[in-house]
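Letter by letter, the chains look like this.
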Amino acid sequence: MAINQSKIGYARVSTDDQNLDLQRDALTRAGCHQMYEETASGKQADRPELVHCLKALRAGDTLVVWRLDRLGRSLPDLVRIISDLEERGVAFESVTEQIDTGSAAGKLVFHVFASLAEFERNLIRERTNAGLTAARARGRKGGRKPSLDKQQLREIKQLLKDPNMRVVDVAKRYGVGRATIYKHLGAVAPRPEGV
């Protein structure tokens, strides 16, 4: 039994001012009979038409885009999407860059992209670690500043010695949540009954 292979197109523009006609024409020339189109920034994670398009693809199909940047938000995102397609037996084609993972040369180009994405991630990790090490060597600690300093903690301890003072009131006064006070001071003696 022959597998019904389809070329399915995905087109995206970033703003309502832009026009999908150029992409539509290119996808039609590439042999796409079904297309998913949307207006969404590439930085947006929420792209419902892309989700529908990816769900519609079956083994043996080819996803076609006009340009690589129409599909992925970043190189690692693009590699992830195309790797998922490859695992499902779906080929990928980019008209402008002339990449077709259905061919040996296209797979090679894609794997070079994947290697570059991994290289980029490793460089970022190395730079981050080097920056943190250099900051620690200069006596700086990472993370956000404590919401309460030592003086404030002493004041809060003093305030909470008063059995009529509620933790929630002290927290409001210092602009923190009750959990922050409990985190720093541990259990606070409960107020006497009837107060």
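Predicted, not measured: the structure shown is a model, and the values here were computed from it. (Residues numbered from 1 in each chain as written. Predicted model: local features only at pLDDT ≥ 70, side-chain atom pairs only at ≥ 80, totals over all residues. Heavy atoms only, no water.)

Caption draft 1: Summary view of the overall build of the protein. Along the backbone of the protein there are seven helices and five strands. Ordered by position from the N terminus, the helices and strands of the protein form the series β-α-β-α-β-α-β-β-α-α-α-α. For 195 residues, the compact-globule formula gives about 16 Å, and the C-alpha radius of gyration of the protein, at 28 Å, lies well above that figure. Expressed along its principal axes, the backbone C-alpha trace of the protein runs to roughly 80 × 45 × 40 Å. By residue count, 32% of the 195 residues in the protein fall in the buried class. (Helix = DSSP H or I, 4+ residues; strand = E, 2+ residues; numbered from the N terminus. Rg over C-alpha atoms; globule rule 2.2 N^0.38 Å. Buried < 20%, exposed > 50% of the residue type's maximum accessible area, 1.4 Å probe, protein only.)

Caption draft 2: Structural context of a positive patch on the surface. A surface patch of positive charge is lined by Lys150, Arg154, Lys157 and Lys161. Its relative accessible area of 67% is what places lysine 150 among the exposed residues. (Patch = residues over 30% accessible without salt bridge, like charges linked within 9 Å, V, L, I, M, F, W, Y side chains within 5 Å. Areas by Shrake-Rupley, 256 points an atom, 1.4 Å probe, with all protein chains shown as cover. Salt bridge = Lys/Arg side-chain N within 4 Å of Asp/Glu carboxyl O. Lys, Arg positive; Asp, Glu negative; His and termini not counted. Charge placed at Lys NZ, Arg CZ, Asp CG, Glu CD.)

Caption draft 3: The nonpolar core, seen in detail. Tyr10, Leu63, Leu71, Leu85 and Phe92 are the most contacted members of the largest nonpolar core, which totals 21 residues. Looking at this core, the elements with two or more residues in it are strand 1 (7-13), helix 2 (48-56), strand 3 (62-65), helix 3 (75-87) and helix 4 (104-137). With five residues, the single largest contributor to this core is helix 3. Look past the residues within four positions of leucine 85 in its chain and what remains in contact with it is Leu54, Leu57, Leu63, Val90 and Phe92. If you look at the next biggest cluster of nonpolar residues, it comprises 13 residues, including Leu159, Ala171, Val176 and Ile181. (Core = buried A, V, L, I, M, F, W, Y, C linked by side-chain atoms within 4.5 Å. Contact = heavy atoms within 4.5 Å.)

Caption draft 4: Structural detail: unusual backbone geometry. Its identity is not glycine, yet glutamine 98 carries a phi of approximately 55°, on the positive side. Structurally, the position occupied by glutamine 98 is in the loop between strand 4 (91-94) and strand 5 (99-100).

Caption draft 5: Up close: a nonpolar patch on the surface. A cluster of nonpolar side chains, contributed by Leu108, Val112 and Leu116, occupies part of the molecular surface with about 280 Å² of accessible area. Turning to its location among the elements, leucine 108 is positioned in helix 4.

Caption draft 6: The sheet that holds strand 5, seen in detail. The strand order across the open sheet formed by five strands is 2-1-3-4-5, and the pairing between neighbours is mixed. Of all strands in the sheet, those with a lone pairing partner are strand 2 (34-39) and strand 5, marking the two edges. Taken together, the two bridges between strand 4 and strand 5 define a ladder with antiparallel strand orientation. Bridged to serine 94 within strand 5 is isoleucine 99. Against the sheet, helix 1 (residues 21-29) makes contact with strand 1, strand 2 and strand 3, and its axis sits at roughly 165° relative to strand 1, the strand it touches most. (Pairing = 2+ DSSP bridges. Axes fitted to C-alpha atoms, helices over the stretch in contact; angles between N-to-C directions.)

Caption draft 7: The arrangement of the side chain of glutamate 38 in detail. Turning to its location among the elements, glutamate 38 is positioned in strand 2. This buried residue, glutamate 38, is left without a salt bridge; arginine 47 holds the nearest opposite charge, at 5.3 Å. The contacts of glutamate 38, once residues within four sequence positions are left out, are Tyr10, Ala11, Arg12, Val13, Leu20, Arg47, Pro48, Glu49 and Leu50.

Caption draft 8: Representation of the pattern of salt bridges in the model. Within the structure shown, the criterion is met by nine salt bridges. For the salt bridge of arginine 166 with aspartate 169, the shortest nitrogen-to-oxygen distance reads 3.0 Å. Salt bridges sharing common partners tie together Arg47, Asp77, Arg80 and Asp84.

Caption draft 9: Layout of helix 7 (residues 178-185). For helix 7, the full list of buried residues reads Thr180, Ile181 and Leu185. An end-on view of helix 7 places all buried positions within 110° of arc, on one side of the element. Exposed positions of helix 7 whose direction lies more than 90 degrees from the buried face are Ala179 and Lys183. At its buried positions, helix 7 is contacted by helix 5 (150-160) and helix 6 (167-174). Phi turns positive one or two residues past the end of helix 7, at glycine 186, with a value near 75°. (Arc of directions from axis to C-beta.)

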